[in-house]
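Examination of the molecular architecture
Letter by letter, the chains look like this.
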Amino acid sequence: RTEVTNRHFAAFVADTGHQTLAERQGSGHGFTTNGWEPIDGASWRWPQGPGDGLEAQGDHPVMQVSWDDAGAYCAWAGGRLPTEAEWEYAARGPDAHTFPWGDGFDATRLNYCDRNCFLEWADGQGDDGFVLTAPVGSFPGGASWVGAVDMAGNVWEWTTDWYDPEYYDVAPASDPRGPESGVQRVVRGGGWDDTYDFARAANRHVYAVDRPQNYLGFRCVYD
């Protein structure tokens, strides 16, 4: 129902000793007041880097995790990452809504780049009360038809699918599972760093599996 939080991820690390890619390489990536850049010392524990003093908060979504890190957590928790099609169906439902809550944008239903955001494209009309991420479930009015929250905004979310811009020209009409191979993986949902158009439930984006970001997390699904 929610994005995986720092508290969830901490329990996984405590149980398994898992060390994330960002921790092993000593850095992550993401937006700071200087723009998008590598962030020395950034990890899930310090998503903005230890110098900013922004230690990960337990009920906020975990960030700075690679695709492999996310998959390892979901396997430990008895689940898996969703396919892109599963993610979109949970967000849009059989009526194929534009946003998880319906067809019109509503700034009170998500955490996105509004007047609190330090990026140059911030929307001065919205006010979600958060500079970066929000505690998961802070916007219950933005829940999708199945009760999944934060499927728009807060953090982008990993899916299992490799990215191929032409895949849906040839994909099965029912429950497509994504290309068999690729270089980058699809992410969905938009984040705290994005404008409202990125929060559309049909919007797709793509990231390298080995580049953790301070606006990218995940949620698990269970069969």
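Heads up: the structure comes first, above all this text.
Described below are features of the structure shown in this document. The structure displayed is predicted, hence computed values, not measured ones.

Definitions and limits used
Residues numbered from 1 in each chain as written. Predicted model: local features only at pLDDT ≥ 70, side-chain atom pairs only at ≥ 80, totals over all residues. Heavy atoms only, no water. Helix = DSSP H or I, 4+ residues; strand = E, 2+ residues; numbered from the N terminus. Buried < 20%, exposed > 50% of the residue type's maximum accessible area, 1.4 Å probe, protein only. Areas by Shrake-Rupley, 256 points an atom, 1.4 Å probe, with all protein chains shown as cover. Salt bridge = Lys/Arg side-chain N within 4 Å of Asp/Glu carboxyl O. Phe/Tyr/Trp six-rings, centres within 6.5 Å; stacked < 30°, edge-to-face > 60°. Lys NZ or Arg CZ within 6 Å of the ring centre and 35° of its normal. Contact = heavy atoms within 4.5 Å. Arc of directions from axis to C-beta. Disulfide = S-S within 2.5 Å.

1. A look at the overall build of the protein
- From N to C terminus, the protein includes 4 helices and 6 strands.
- Counting from the amino terminus, helix and strand elements in the protein follow one another as α-α-β-β-α-α-β-β-β-β.
- Out of the 223 residues in the protein, the part that is buried amounts to 49%.
- When the accessible surface of the protein is totalled, it reaches about 10,100 Å², and 48% of it is carbon and sulfur.

2. Notes on the pattern of salt bridges
- If you walk through the whole model with that rule in mind, you get 11 salt bridges.
- Between Arg-92 and Glu-88 there is a salt bridge, with its nearest N and O atoms 2.9 Å apart. Of this pair, Arg-92 and Glu-88 both sit in helix H4 (residues 84–92), 4 residues apart, which is roughly one turn of the helix.
- Assessed through its relative accessible area of 22%, Glu-88 is described here as partly exposed.
- Residues Glu-157 and Arg-219 are paired through a salt bridge, measuring 2.8 Å at the closest nitrogen-oxygen approach. With Glu-157 in strand E3 (residues 156–162) and Arg-219 in the segment after strand E6 (216–217), the pair connects residues that are 62 residues apart, well separated along the chain.
- One salt-bridge network, held together by shared partners, links Arg-80, Glu-86, Asp-175, Arg-177 and Asp-223.

3. Points about the packing of aromatic side chains
- A complete count under the given rule lists 20 aromatic pairs for this structure.
- Centre to centre, the rings of Phe-12 and Tyr-73 are 5.6 Å apart; their planes meet at 85 degrees, and the pair counts as edge-to-face. Here the residue Phe-12 occupies a position in helix H1 (residues 6–16), and Tyr-73 occupies one in helix H3 (residues 67–76), the gap between them amounting to 61 residues. Both residues of the pair, Phe-12 and Tyr-73, count as buried.
- Seen in terms of ring centroids, Phe-130 and Phe-139 are 6.3 Å apart; in terms of plane orientation they differ by 75 degrees. Their pairing is edge-to-face.
- Looking at Phe-130, the relative accessible area reads 24%, which means it is partly exposed.
- Here a set of aromatic residues connected by ring pairs shows up, and it is made of Phe-9, Phe-12, Trp-44, Tyr-73, Trp-76 and Phe-218.
- Stacked on the ring of Trp-67, the Lys or Arg Arg-185 has its end atom at 3.7 Å from the ring centre.

4. A word on the environment of Leu-110
- If you trace the backbone, Leu-110 turns up in the loop between H4 and E3.
- Taking the C-alpha atoms as reference points, Leu-110 and Phe-130, separated by 20 residues in sequence, lie 10 Å from one another.
- When sequence neighbours within four positions are dropped, the list of residues in contact with Leu-110 reads Trp-101, Phe-105, Asp-128, Phe-139, Ala-152, Gly-153 and Ala-199.

5. Some thoughts on H1
- Taken together, the buried positions of H1 are Asn-6, Phe-9, Phe-12 and Val-13. An end-on view of H1 places all buried positions within 120 degrees of arc, on one side of the element. In H1, those exposed residues whose orientation departs by more than 90 degrees from the buried face are Arg-7, Ala-14 and Asp-15.
- Following H1 by one or two positions, Gly-17 has its phi on the positive side, about 75 degrees.

6. Points about the state of the cysteines
- As enumerated under the stated definition, the model contains 2 disulfides in all.
- Note that Cys-74 is cross-linked by a disulfide to Cys-220, the S-S spacing being 2.2 Å. Disulfide Cys-74-Cys-220: the torsion about the S-S bond is -90 degrees, which places it as left-handed. Remark: Cys-220 occurs in the segment after E6 and Cys-74 occurs in helix H3; sequence separation between them is 146 residues. The pair Cys-74 / Cys-220 is uniform in exposure class, with both members buried.
- Across the disulfide from Cys-113 sits Cys-117; the S-S distance is 2.2 Å. For the disulfide bridge between Cys-113 and Cys-117, the dihedral angle about the S-S bond is near -85 degrees, and by the sign convention the bridge is left-handed. When sorted by exposure, Cys-113 lands in the same class as Cys-117, which is buried.
- Taking only the cysteines that form disulfides and numbering them from first to last, the protein has the pattern 1-4, 2-3.

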